[in-house]
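Given next are the chains, with one letter for each unit.
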Amino acid sequence: MSNSKTQANGTIKSKSRHVKSEAIKALEQLAFENLKVKFPSFPFPPKPKYNDTSTNQLTKSVIDYIRLSGGQAERVNSTGFMKDSRKTSTDILGRTRTIGSTKWIPGNGQTGTSDVHGVVNGKSIKIEIKCAATGDDLQSEGQIAYQKEIEAAKGVYLIVRTFSDFYEWFNNASL
């Protein structure tokens, strides 16, 4: 099976294969060892799979690594929700009609709050996920203000773009 694809103009475009970093491999091994300890009577535990090719996968990798290393971490959802007060009815002729509206209800969290809140060795850390693979790398004004607030309070604020960067920081930080 070839990793190439013929384009409309007749040229062949080679598809690059994603290679996992050593940091991701270390996370997978740590998760695998945890499964073996958690379920000692299960003869063949499945090998956990991680990557950092999307914002969701990078966030999951960071949270799981903190938890597997003895810390506490949680994803924070600061978006609001859509309130739908529309009603649809059908008249006797079979015509449908929708009345009402939708309304955005903002979240009650602090504007600009980080994506992950955690505690490692008794120290609170705030992590903003900006996945390099998706090109999502700019902080909003609210996130910049939140970062300044955390740093002014002597807290730890970290912007994570790849799991390798986080892994290196986590294992070398004096927390």
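Above this text is the structure in question.
Conventions we followed
- Residues numbered from 1 in each chain as written.
- Predicted model: local features only at pLDDT ≥ 70, side-chain atom pairs only at ≥ 80, totals over all residues.
- Heavy atoms only, no water.
- Helix = DSSP H or I, 4+ residues; strand = E, 2+ residues; numbered from the N terminus.
- Contact = heavy atoms within 4.5 Å.
- Areas by Shrake-Rupley, 256 points an atom, 1.4 Å probe, with all protein chains shown as cover.
- Phe/Tyr/Trp six-rings, centres within 6.5 Å; stacked < 30°, edge-to-face > 60°.
- Lys NZ or Arg CZ within 6 Å of the ring centre and 35° of its normal.
- Axes fitted to C-alpha atoms, helices over the stretch in contact; angles between N-to-C directions.
- Parallel < 35°, antiparallel > 145°, perpendicular 65-115°, else oblique.
- Left-handed = near helix turned anticlockwise from the far one by under 90°.
- Buried < 20%, exposed > 50% of the residue type's maximum accessible area, 1.4 Å probe, protein only.
- Pairing = 2+ DSSP bridges.

A. Examining the overall build of the protein chain more closely. A count of helices and strands for the protein chain gives four helices and ten strands. Ordering the α and β elements of the protein chain from the N terminus gives β-β-α-α-β-β-β-β-β-β-β-α-β-α. When contacts within the protein chain are restricted to residue pairs at least 6 apart in sequence, those whose partners lie at least 24 apart make up 53%. Total accessible area on the protein chain stands at roughly 12,100 Å², and carbon and sulfur atoms take up 52% of it.

B. A look at the packing of aromatic side chains. Summed over all chains, the structure comprises ten aromatic pairs. Lying across the ring of Phe32, Lys47 places its NZ or CZ 5.3 Å from the centre.

C. Structural view of the packing of helix H1 (residues 22-38) against helix H2 (residues 55-68). Put simply, H1 and H2 touch, their axes get as near as 10 Å, and they point 50° apart. As the angle between them shows, H1 and H2 are arranged oblique. Judged by the sense of rotation from one axis to the other, the crossing of H1 with H2 is left-handed. The segment H1 lies against H2, with Ile24, Leu27, Leu30, Ala31 and Asn34 engaging Ser61, Asp64, Tyr65 and Leu68.

D. Representation of unusual backbone geometry in the model. For Asn121, which is not glycine, the phi dihedral falls at a positive 50°. Considering the arrangement of structural elements, one finds Asn121 in the loop between strand E8 (116-120) and strand E9 (123-129). Residue Lys154 is not a glycine yet carries a positive backbone phi of 65°. Assignment of secondary structure puts Lys154 in the loop between helix H3 (141-152) and strand E10 (156-160). Its relative accessible area of 66% is what places Lys154 among the exposed residues.

E. Structural detail: the side chain of Glu28. Relative to the helices and strands, Glu28 is located in helix H1. Taking relative accessible area as the criterion, Glu28 reaches 8% and is therefore assigned buried. Contacts of Glu28, omitting those with residues within four sequence positions, involve Lys20, Pro48, Lys49 and Tyr50.

F. Quick look at the sheet that holds strand E3 (residues 72-75). A sheet is described by the order of its strands in space; here four strands give the open sequence E3-E8-E9-E10, paired in mixed fashion. The sheet is open, and its two borders are formed by E3 and E10, each paired with just one other strand. Recorded for the sheet is a direction-independent mean angle of 20° between the axes of neighbouring strands. Where E9 lies against E10, five bridges are found, and the strand directions are parallel. In the sheet register, Ile125 faces E10, and the bridge partner there is Val156. Its contacts with the sheet place H3 against E8, E9 and E10, and it is angled at close to 140° to E10. Against the sheet, helix H4 (residues 163-172) contacts E8, E9 and E10, and its axis sits at roughly 150° relative to E10.

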